[in-house]
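# Chain and residue survey
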Amino acid sequence: MPIKSSELILNPDGSIYHLNLRPENLARDVIFVGDQDRVEQISKHFDTIEFTTQKREFKTHTGTYKGKRITVISTGIGPDNIDIVLNELDALVNIDFETRLPLKQHTSLNIIRVGTSGSLHSDLPVDSFLLSQYGIGMDNMLRSYELHDICEEDMEEAFIAHTDWDSRKGRPYIVSNSTVLEARLSGSQMNYGITATASGFYGAQGRVLRLALQDQNLNHKIDTFTFDYYRITNLEMETAAIYGLSKLLGHQAVSLNAIVANRADGTFSSDPYKAVNALIEYTLEKLTE
């Protein structure tokens with residue numbers, strides 16, 4: 001049965017509703033950035049740019065770097081935006097927009113998040129790189145989907161017990177990255193660990209301005225959690241949602257971070273733009289090896 005127009009929403013030009021993209025505009029290797037200004041930071045390295053568009057915070061450039069076709073797209077901040085971006089990207093490659101039926105042959109995208117984050121440990125200094133092996137989702141967005149087959153439930157139970165997690169905030173979920181992309185993006189300068197994905201920037205990440213926190217010790221509980229020699233290394237707002245939706249939809253995903261803040265010692269990078277640019281160049285080179 002065709003997907004209803006209220007569910008798969010297209011613009012008058014046939015592009016997908018939020019992203020303003022048509023299937024031919026999308027490469028199979030897709031770099032996610034949060035900040036729309038970072039799209040140009042990446043595409044300025046391209047040999048050619050064949051397509052650009054922007055609608056709301058979703059900005060896209062598709063071009064080639066050393067002969068490889070790559071799409072860069074800004075997702076904005078938070079798991080709710082990831083829900084929009086990943087579902088619409090999947091529709092572009094796995095649904096026929098004319099018949100509104102799923103395509104018989106599934107297409108898998110390679111999704112690489114290039115972002116910034118704050119580390120939770122003094123031995124992960126500012127300006128270092130981090131690859132997320134797992135994402136812990138402390139948001140509830142992904143719980144709208146059936147997650148049983150993709151989650152690391154033993155690790156979830158251990159995290160819930162260690163943090164004495166308040167069930168009124170919903171159950172955290174834990175999803176692994178694509179080991180294929182991890183191998184492709186690994187390098188001697190890369191650190192590894194578990195990334196905690198929060199649903200907000202202030203209270204959800206333990207920051208206090210004028211409001212009291214539900215659990216004042218949560219950050220300490222998070223940064224002391226270990227499981228099978230893995231530890232939680234950083235806090236941000238997208239990785240777990242990217243991993244979860246990618247697994248559910250049959251795509252490969254890995255999240256890379258330039259560490260620009262260290263929550264353990266209270267430091268911030270003196271030149272975060274330099275750190276981000278270094279990670280961008282590293283990622284582009286790895287994708288073309």
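Calculation rules
- Residues numbered from 1 in each chain as written.
- Predicted model: local features only at pLDDT ≥ 70, side-chain atom pairs only at ≥ 80, totals over all residues.
- Heavy atoms only, no water.
- Core = buried A, V, L, I, M, F, W, Y, C linked by side-chain atoms within 4.5 Å.
- Buried < 20%, exposed > 50% of the residue type's maximum accessible area, 1.4 Å probe, protein only.
- Contact = heavy atoms within 4.5 Å.
- Helix = DSSP H or I, 4+ residues; strand = E, 2+ residues; numbered from the N terminus.
- Phe/Tyr/Trp six-rings, centres within 6.5 Å; stacked < 30°, edge-to-face > 60°.
- Axes fitted to C-alpha atoms, helices over the stretch in contact; angles between N-to-C directions.
- Parallel < 35°, antiparallel > 145°, perpendicular 65-115°, else oblique.
- Left-handed = near helix turned anticlockwise from the far one by under 90°.
- Nonpolar A, V, L, I, M, F, W, Y, C, P; charged D, E, K, R; others polar.

### Quick look at the nonpolar core
Across soluble globular proteins, nonpolar side chains show a tendency to be buried alongside one another. The biggest cluster of nonpolar side chains holds 58 residues, and the ones touching the most others in it are Ile31, Phe32 and Leu89. With near-sequence residues (within four places) excluded, leucine 89 lies in contact with Leu19, Leu21, Leu26, Val30, Phe32 and Leu109. Among the nonpolar cores identified, the runner-up in size contains 18 residues, and Ile174, Ile222, Phe225 and Leu235 belong to it.

### Some points on unusual backbone geometry
Backbone geometry places asparagine 20, a non-glycine residue, at a positive phi of 65°. You can see asparagine 20 is positioned in the segment before strand S1 (29-33). Judged by relative accessible area, asparagine 20 falls into the partly exposed class, the value being 21%. Positive phi outside glycine occurs at aspartate 228, with the angle close to 50°.

### Observations regarding the packing of aromatic side chains
Enumeration over the complete set of coordinates arrives at five aromatic pairs. Here the aromatic rings of tyrosine 134 and tyrosine 230 are separated by 5.1 Å at their centres, their planes lie at 80°, and the arrangement is edge-to-face. Note that tyrosine 134 is positioned in strand S8 (residues 129-137) and tyrosine 230 in strand S12 (residues 230-236), a separation of 96 residues in sequence. The class for tyrosine 134 is buried, based on a relative accessible area of 14%. Here the aromatic rings of phenylalanine 159 and tryptophan 165 are separated by 5.9 Å at their centres, their planes lie at 45°, and the arrangement is tilted. Residue phenylalanine 159 shares its accessibility class with tryptophan 165, and that shared class is buried. Feature note: the residues Phe159, Trp165 and Phe225 constitute an aromatic cluster, connected by ring pairs.

### With respect to the packing of helix H2 (residues 79-94) against helix H6 (residues 239-249)
Axis separation between H2 and H6 bottoms out at 9 Å; the angle between their running directions is 25°. When the axes of H2 and H6 are compared, the pair comes out roughly parallel. For the element pair H2 and H6, the recorded crossing hand is right-handed. Packed against H2, whose contacting residues are Pro79, Ile82, Asp83, Leu86, Asn87 and Asp90, the element H6 presents Ala241, Ile242, Leu245, Ser246 and Leu249 at the interface. Classifying every residue of the contact of H2 with H6 by side-chain character gives seven nonpolar, two polar and two charged.

Shape is all these values report; function is a separate question.
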